[in-house]
Amino acid sequence: MSERIITYHEAIREALREEMEDDARVFLIGEDIAVYGGVYKLTEGFLEQFGPERVIDTPIAENAIIGAATGAALMGLRPVAEIQFADFLTCGFDPLVNMTSTIHYRWGQPVPLVVRAPAGATWAMAGPFHSQSPEAWFAQIPGLKVVIPATPADAKGLLKSAIRDPNPVIFLEQKFLYRRLKGPVPEDRGFLVPLGQAAITRPGRDLSLIAYGTMAFKCLEAAALLAAEGIEAEVVDLRTIVPWDKATVLASVARTGRALVVSEAHHTAGFGAEIAATIAEEAFDQLDAPVRRLSGLDTPIPAHPVLEAEYLPDEKKIAAAARDLAGW
Amino acid sequence: MSTIPSLNTQDRLRLYRFMRQSRAVEDAAWALSSQGRLIGRLYTGHGQEAIPVGMTYALQPEDVIAPMYRDMGAHLVRGVKPVEVFAQYLGKRQSNNKGKDSGLHIGDMSRGIVGMISVLPDSLPVALGVALAFKLRAEPRVALTTFGEGSTSTGAFHEAVNMAAVMKVPLILICENNGWALSTPPAREYGGQSIVARAEGYGIRGVQVDGNDVEAVYSAVRAAADRARSGGGPTLVECLTMRMKGHSIIDAAEYVPREQLAEWAARDPIQRYRAALEAEGLWDEGQEARLSAELSDEIDRAIQEADAMEDPQPADVYEGVFA
């Protein structure tokens, strides 16, 4: 299969463009996505290619965007809604939690929609309202799938799978990776990455680093630092939070006997806690050390780079925690 | 504006029958609930029957409705059978919600019914999305949704009506202003004189009708549908009515002044329509007696049939979280 090296951002653009070209039911709806091309210019040129019926600018109204996408999905369309920043998903939280996620369970009608939102901190002074990682809020809601890609290939393949999925999918793009990360992406239009499958992005025998999104990328950087010291860390990239690939995580922990769960979301009741609890419950006898978590702090995410750096896990903090765990 | 074709005798008798059937089903549900036999709490539309019946009758079968818990008549006009309603109330495995939800939370796209949730104004944005789908596919169909005056205080109402106005989608917004949002009267719900006055601010058409006059509701909705179908955008229809029972069966509604109830009892939509039909010689006591017997028999059989259905099994809880 031939590949090209493209950015995470371009991979998402390709997925959207190809799905819109191949399926007339797919349309985009959100704030400033058409004429302006989106705040991250992700849909630049889409209005010209697909027209105003399929690339729809809306008023500032996240509740109505998500509700309208739900109604259109009930009528057989495949809406892809953009929420400008994941922080603003709060304004559309009610329909997702109470309406969209419960429809199939209550009356059997599939609701095929994707809600895309740029999430995470950026090491760029984005501050408390443009930096959050809200995956745990949605992981608590039965009926919603949650996807967080960490590579360009996964961003493309997972988004295409999400659009084709018959369920509501929250697709949390990592804005830190948009233009910083380049990687190989297959040229084949049929290339898909199935939802619910983790990837071992680096094999290693000494401990498992379990993460997703930007932190999965940072774990690879940490693993390179650790390798120079003779510690071989295995990196497990979850890729999908709901449903999450327990089997791959538990198999990795069974091989290494040590687990460090890394996430940039707030520590308390974050999704990392779910992973750590599951390892403790189901792989206790495989563990040579306690399960450890490294997360964002239990504070709002501050704007100043000195404070933001203190808030966020990074490759050095991951390596330090891993070193400590490896020597346990 | 297009002319509304007048209702023929058959239509008018059907409107009457649907209102009577709606009240008969809810009276029977009230009795069952009082015996503690219902799954979930009972909410009824006593006194408001003209609105769901008139509005749904004014639509075409390919149109889509997103009704609420006061709108039994909307379901009946759409072809939901009393046995299906009682299966819902009894939480049966064969019911629309299979026991996972209950009451009038029936959703069935084959009948063009979007299932409501208990957060009532959430139906507005969803109905907007249905209407958007019609617009994107250039289909001559309309979406309609209902809500109480209480729902108009929420952000979801504002976001949906504003966006519908901007997008000029074929959406009919029916406000059933029944005087009480649980225990809160209009004066403590909104500062303006009416809900319909807001239409001007949103830049859409607004009409206020006597919600206890089934033909007035029919005509207003028929005009709104014609307008929406021909690209004229949304209409807000404020239907003035009165909630004649409590918010739910456990609400004795002691906060409602007795005089208000007496005043509205005299304007009961069913009695009024019966009197009108009788005055025109279209209905008489004999027909009324036959209808009563027919409905009583239909409902007894529906309850028996629903009661005989299977209850959910514990393993059913796991089914259907995802499609």
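Okay, so let's go over this structure.

How each quantity is defined
- Residues numbered from 1 in each chain as written.
- Chains lettered and ligands numbered in written order.
- Predicted model: local features only at pLDDT ≥ 70, side-chain atom pairs only at ≥ 80, totals over all residues.
- Heavy atoms only, no water.
- Helix = DSSP H or I, 4+ residues; strand = E, 2+ residues; numbered from the N terminus.
- Rg over C-alpha atoms; globule rule 2.2 N^0.38 Å.
- Buried < 20%, exposed > 50% of the residue type's maximum accessible area, 1.4 Å probe, protein only.
- Contact = heavy atoms within 4.5 Å.
- Areas by Shrake-Rupley, 256 points an atom, 1.4 Å probe, with all protein chains shown as cover.
- Lys, Arg positive; Asp, Glu negative; His and termini not counted.
- Charge placed at Lys NZ, Arg CZ, Asp CG, Glu CD.
- Pairing = 2+ DSSP bridges.
- Axes fitted to C-alpha atoms, helices over the stretch in contact; angles between N-to-C directions.
- Core = buried A, V, L, I, M, F, W, Y, C linked by side-chain atoms within 4.5 Å.
- Buried area = accessible area lost by both parts, 1.4 Å probe.
- Salt bridge = Lys/Arg side-chain N within 4 Å of Asp/Glu carboxyl O.
- Polar contact = N/O pair within 3.5 Å; in protein donor to acceptor, adjacent residues only side chain to side chain.
- Nonpolar A, V, L, I, M, F, W, Y, C, P; charged D, E, K, R; others polar.

### What to know about the overall build of chain A
Now for step 1: From N to C terminus, chain A includes twelve helices and 14 strands.
Now for step 2: Taken over the C-alpha trace, chain A has a radius of gyration of 19 Å; the compact-globule value for 328 residues is 20 Å, and the two agree within 12%.
Now for step 3: In terms of overall dimensions, chain A has C-alpha extents of about 60 × 45 × 40 Å along its principal axes.
Now for step 4: Each of the 328 residues in chain A was classed as buried or not, and the buried ones make up 62%.
Now for step 5: When contacts within chain A are restricted to residue pairs at least 6 apart in sequence, long-range pairs at least 24 apart make up 83% of them.
Now for step 6: A total accessible area of about 11,500 Å² is found for chain A, and carbon and sulfur atoms account for 56% of it.
Now for step 7: Taking the average place of the 30 positive charges on the side chains of chain A and the average place of its 43 negative ones, the gap between the two points comes to 2 Å.

### Looking at the sheet that holds strand 3 (residues 55-57) of chain A
To summarise the sheet geometry, strands pair through backbone hydrogen bonds and adopt either a parallel or an antiparallel arrangement.
All names here are of chain A.
Now for step 1: The mixed open sheet is built from seven strands, whose spatial order is 3-2-4-5-7-6-12. Every other strand in the sheet has two partners, leaving strand 3 and strand 12 (240-242) as the edge strands with one partner each. Across this sheet, the average inter-strand angle for adjacent strands is 20°, counted without regard to direction.
Now for step 2: For strand 2 (residues 26-30) and strand 3, the ladder comprises three bridges, and the chain directions are parallel. The partner of Ile-29 across the bridge, within strand 3, is Ile-56.

### Some details on the nonpolar core
Now for step 1: Counting residues in each nonpolar core, the largest one holds 86 residues, and the members touching the most others are Leu-89 and Ile-279 of chain A.
Now for step 2: Here this core takes nine residues from helix 5 (residues 123-136) of chain B, the largest share from any one element.
Now for step 3: Excluding residues that lie within four positions of it along the chain, Leu-89 of chain A makes contacts with Ile-66, Ile-83, Leu-96, Val-115, Ala-117, Pro-134, Phe-138 and Leu-172 of chain A.
Now for step 4: In this structure, Phe-18, Val-77, Tyr-89 and Ile-270 of chain B belong to the second largest nonpolar core, which totals 63 residues.

### Details of the interface of chain B and chain A
Now for step 1: Across the boundary between the two partners, chain B contributes 42 residues, which contact 39 residues of chain A.
Now for step 2: Each partner contributes to the roughly 3,100 Å² buried at the junction of chain B and chain A, and carbon and sulfur atoms together form 71% of this total.
Now for step 3: Across the chain B-chain A interface, the total number found is one salt bridge.
Now for step 4: The closest approach of N and O atoms between Asp-101 of chain B and Arg-106 of chain A, which form a salt bridge, is 2.9 Å.
Now for step 5: Across the contact surface, chain B and chain A share eleven residue pairs in polar contact (both at pLDDT 80 or more).
Now for step 6: Counting residues per element, the ones that place at least two in the side of chain B that touches chain A are helix 5 and helix 6 (155-167) of chain B.
Now for step 7: When residues of the side of chain B that touches chain A are assigned to their parent elements, the largest contribution, ten residues, is made by helix 5 of chain B.
Now for step 8: Grouping the constituent residues of the side of chain B that touches chain A by class yields 24 nonpolar, nine polar and nine charged.

### What to know about the environment of Leu-182 of chain B
Residue and element names in this part refer to chain B.
Now for step 1: Within the secondary structure layout, Leu-182 lies in the loop between strand 3 (171-177) and helix 7 (198-202).
Now for step 2: A relative accessible area of 40% means that Leu-182 is categorised as partly exposed.
Now for step 3: With 71 residues separating them along the chain, Leu-182 and Ala-253 place their C-alpha atoms 8.3 Å apart.
Now for step 4: In this structure Leu-182 touches Arg-243, His-247, Asp-251 and Tyr-255, once residues within four positions along its chain are discounted.

That is the geometry; function is a separate question.
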